[in-house]
Amino acid sequence: MSMYNLRCAAEENCLASSSSSSNDYDTRVLLRFPQRVKNQGTADFLPSKPRYSWEWHSCHHHFHSMDEFSLYELLDADTQTQVAEGHKASFCLEDTSCDPGYHRRYACTSHTQGLSPGCYDTYNADIDCQWIDITDVSPGKYVLKVTVNPRQKVPESNFNNNIVRCDVQYTGTAAHVSGCTTTSH
């Protein structure tokens, strides 16, 4: 994708550091993926920042209520060494959908964001920063590690279900992701 189309993402530091010397016509290679987060607890998952300190992002036209909702890491499959990373500031923490018997209570507004018990916050793969910039990554076998609430700034009854790991085979032109599992590390 061209840097021209990644201006908002660049403002939010969603690209590898090597992008800082790029011009508008240079391209970046992005490992895009969707993410669906469920509140499996019994209490609301609320932003780590109080409402008065939410940041307005004029490029995307929405408030960020957390500095880091999710951390995305690409690890070497053999050494588990991080080769690339990305992050998701809360695009808009909301109840996108809910299990039967649960009801949506939070929406994407400037004064109410959260995730109700039994509800999901869903991010499609085409949303800005819903990726890892892999421009500088060589073909090979990797692990995609996605951690929700990585700094544990939002209290939870259990942090053991916040990490998903997936196998990634990257050819240099395509990536195949498989074997995703929830882990505690």
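Residues numbered from 1 in each chain as written. Predicted model: local features only at pLDDT ≥ 70, side-chain atom pairs only at ≥ 80, totals over all residues. Heavy atoms only, no water.

Student: Summarise the sheet that holds strand E12 (residues 175-183); cite the residues concerned and give the values.
Tutor: Taken together, the five strands give an open sheet; going across it, the order is E6-E5-E10-E11-E12, and neighbouring strands pair in antiparallel fashion. The open sheet has two edge strands, strand E6 (82-88) and E12, and neither has a second partner. On average, adjacent strands in this sheet sit at an angle of 20° to one another, irrespective of strand direction. Where strand E10 (residues 140-148) meets strand E11 (residues 163-170), eight bridges bridge the pair, whose relative direction is antiparallel. (Pairing = 2+ DSSP bridges. Helix = DSSP H or I, 4+ residues; strand = E, 2+ residues; numbered from the N terminus. Axes fitted to C-alpha atoms, helices over the stretch in contact; angles between N-to-C directions.)

Student: Go over the nonpolar core, please, and point to the residues and values.
Tutor: Among the nonpolar cores identified, the biggest contains 14 residues, and Phe-33, Leu-74, Ile-132, Ile-134, Val-137, Tyr-142 and Leu-144 are the most heavily contacted of them. Of all the secondary-structure elements, those providing two or more residues to this core are strand E5 (70-76), E10 and E11. Sequence-distant contacts of Val-137, defined by excluding residues within four places in its chain, comprise Leu-74, Val-83, Ala-84, Tyr-142 and Tyr-170. Counting 11 residues, the second-largest nonpolar core is a separate cluster that includes Phe-69, Leu-115, Cys-119 and Val-148. (Core = buried A, V, L, I, M, F, W, Y, C linked by side-chain atoms within 4.5 Å. Buried < 20%, exposed > 50% of the residue type's maximum accessible area, 1.4 Å probe, protein only. Contact = heavy atoms within 4.5 Å.)

Student: Describe the sheet that holds strand E7 (residues 97-98), with residues and values.
Tutor: Strand order in the open sheet formed by three strands is E2-E8-E7, and the pairing between neighbours is antiparallel. Only two strands of the sheet have a single neighbouring strand rather than two, namely strand E2 (35-38) and E7. In the sheet, E2 pairs with strand E8 (residues 119-123) via four bridges, with the strands oriented antiparallel. Looking at the pairing, Val-37 lines up with Asp-121 of E8.

Student: A description of the pairing of E6 should follow, citing residues and the corresponding values.
Tutor: Both E5 and E6 contribute to a ladder of six bridges, which runs antiparallel. Bridge pairing links Leu-71 to His-87 in E6. Taken together, E5 and the strand that follows it, E6, pair antiparallel across an intervening segment of five residues, in which Gln-80 is found at a positive phi of about 65°.

Student: Describe the environment of Asp-99, naming the residues involved and giving the relevant values.
Tutor: The residue Asp-99 is located in the loop between E7 and E8 in this model. Along the backbone, Asp-99 and Thr-173 are 74 residues apart, and their C-alpha atoms lie at a distance of 37 Å. In this structure Asp-99 touches Lys-38, Gly-118 and Tyr-120, once residues within four positions along its chain are discounted. A distance of 2.6 Å separates the side chain of Asp-99 from the side chain of Lys-38, its partner in a polar contact. (Polar contact = N/O pair within 3.5 Å; in protein donor to acceptor, adjacent residues only side chain to side chain.)

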